[in-house]
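Tertiary structure, described
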There are 2 protein chains.
Amino acid sequence: MAKATGLTHNQQIVFDVLSHADRPQTAYEILGSELAHENGLKAPLTIYRALEALVDKALVHRIESLNAFIACDHEPHPEPAAFLICRNCRKTHETTMEACSGIFQATARQQLFTVEQVTIEMSGLCAECQAQARS
Amino acid sequence: MAKATGLTHNQQIVFDVLSHADRPQTAYEILGSELAHENGLKAPLTIYRALEALVDKALVHRIESLNAFIACDHEPHPEPAAFLICRNCRKTHETTMEACSGIFQATARQQLFTVEQVTIEMSGLCAECQAQARS
DNA sequence: ATCTATCACGTTATGATATAACATTTCAAA
DNA sequence: TTTGAAATGTTATATCATAACGTGATAGAT
Ligand SMILES: [Zn+2]
Ligand SMILES: [Zn+2]
Ligand SMILES: [Zn+2]
Ligand SMILES: [Zn+2]
């Protein structure tokens, strides 16, 4: 759970909620959390604004295929992350994809496309849920 | 624009709409299209059901970061596709990512994770929109 | 031929995700 | 102290997606 500085009050609350969660949280799940409620965050827009700022600061990643958000596992990083997302328990593992950066860049360059943002998400079953399925 | 067989009436309509579109379409954009309207498709669920079947058949891909759908550029393929998505005009280029498959598999294997679905989306500016921005 | 299981489809309602518009507060730089 | 930018509050609304339940077409079994 990374520490963060220079956050506003609302951003800090939202970041704390995500940092303590063991899987990605939707904006409305964050809104419904005890921590958010205790601190007076009670409108969706409040959450979305904080999330936008946190994503800009690269402290939080948006998981597109879940419409949810997860605190970054590492120090804030510009390079693309990849996520292994369990479709059963939603637990999500973050990893970097440096090995693919060159391939992505080459692909984009071929199309004269300027990449600003890369999303890599792999959905499937985590080890625990596979074991559970077998039992 | 690929041809498709074994589609139901609704699926064929939705597929035709996507095939003629020059960029990904949301379910509600499809719903609002002339072709859909002419053919009596008038409820969101009708569109979503057809889309689900088309995605299952791999004739259509879902673009997670747009909540939209695009007809597959190629013959139906099981291997993951990657998309270059212009944030300005939304035009989207599909390409395959065979070069990354090994890396993805290795990453998953390390976590004992079974991958079922891979999403690769790159957002940025297409060549046309870059030129336009400069002028 | 008709029964029955299955699948696609229709219809209505509702749930879930996200943003627009505008007012107010905060707070630090000038 | 003024004042301007950023953050926040509040209300309303837009956008995306599915639940629940009923109907009609199709096809194999009897
Ligand atoms: Zn990260
Ligand atoms: Zn799991
Ligand atoms: Zn494809
Ligand atoms: Zn463009």
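Residues numbered from 1 in each chain as written. Chains lettered and ligands numbered in written order. Predicted model: local features only at pLDDT ≥ 70, side-chain atom pairs only at ≥ 80, totals over all residues. Heavy atoms only, no water.

A word on the relation of the copies chain B and chain A
- When chain B is fitted to chain A, the best match, at an RMSD of 0.1 Å, comes from turning it 180 degrees and sliding it 0.1 Å along the axis. A rotation of that kind, with that shift, is consistent with a two-fold axis. When C-alpha positions in chain B are compared against the rotation axis, the closest is assigned to isoleucine 120 of chain B, at 2.4 Å.
- Both copies present the same face, since 100% of the interface residues in chain B are matched by interface residues at the equivalent positions in chain A. (Least-squares fit on C-alpha atoms with pLDDT ≥ 70 in both. Contact = heavy atoms within 4.5 Å.)

A short note on the pairing of strand β3 (residues 81-86) of chain B
All names here are of chain B.
- Of all six residues that make up β3, six are buried, and the element is covered over most of its length.
- Bridge count for β3 against strand β4 (residues 92-96) is five bridges, and the pairing is antiparallel. Each residue of the ladder has a partner; that of leucine 84, found in β4, is histidine 93.
- The hairpin turn running from β3 into β4, its antiparallel successor, is five residues long, and arginine 90 in that turn takes a positive phi close to 70 degrees. (Buried < 20%, exposed > 50% of the residue type's maximum accessible area, 1.4 Å probe, protein only. Helix = DSSP H or I, 4+ residues; strand = E, 2+ residues; numbered from the N terminus. Pairing = 2+ DSSP bridges.)

Here's the deal with the interface of chain B and chain A
- Taken together, the contacts link 34 residues of chain B with 34 residues of chain A.
- In this assembly, chain B packs against chain A so that about 2800 Å² is buried in total across both faces, 63% of it on carbon and sulfur atoms.
- In this structure, the connection of chain B to chain A is made through 16 residue pairs in polar contact (both at pLDDT 80 or more).
- Of all the elements in the fold, those that place two or more residues in the side of chain B that touches chain A are β3, β4, α5 (98-110), β5 (114-125) and α6 (127-134) of chain B.
- Ranked by residues supplied to the side of chain B that touches chain A, first place goes to β5 of chain B with twelve residues.
- Classifying every residue of the side of chain B that touches chain A by side-chain character gives 18 nonpolar, twelve polar and four charged.
- For strand β5 (residues 114-125) of chain A and β5 of chain B, the ladder comprises eleven bridges, and the chain directions are antiparallel. (Buried area = accessible area lost by both parts, 1.4 Å probe. Polar contact = N/O pair within 3.5 Å; in protein donor to acceptor, adjacent residues only side chain to side chain. Nonpolar A, V, L, I, M, F, W, Y, C, P; charged D, E, K, R; others polar.)

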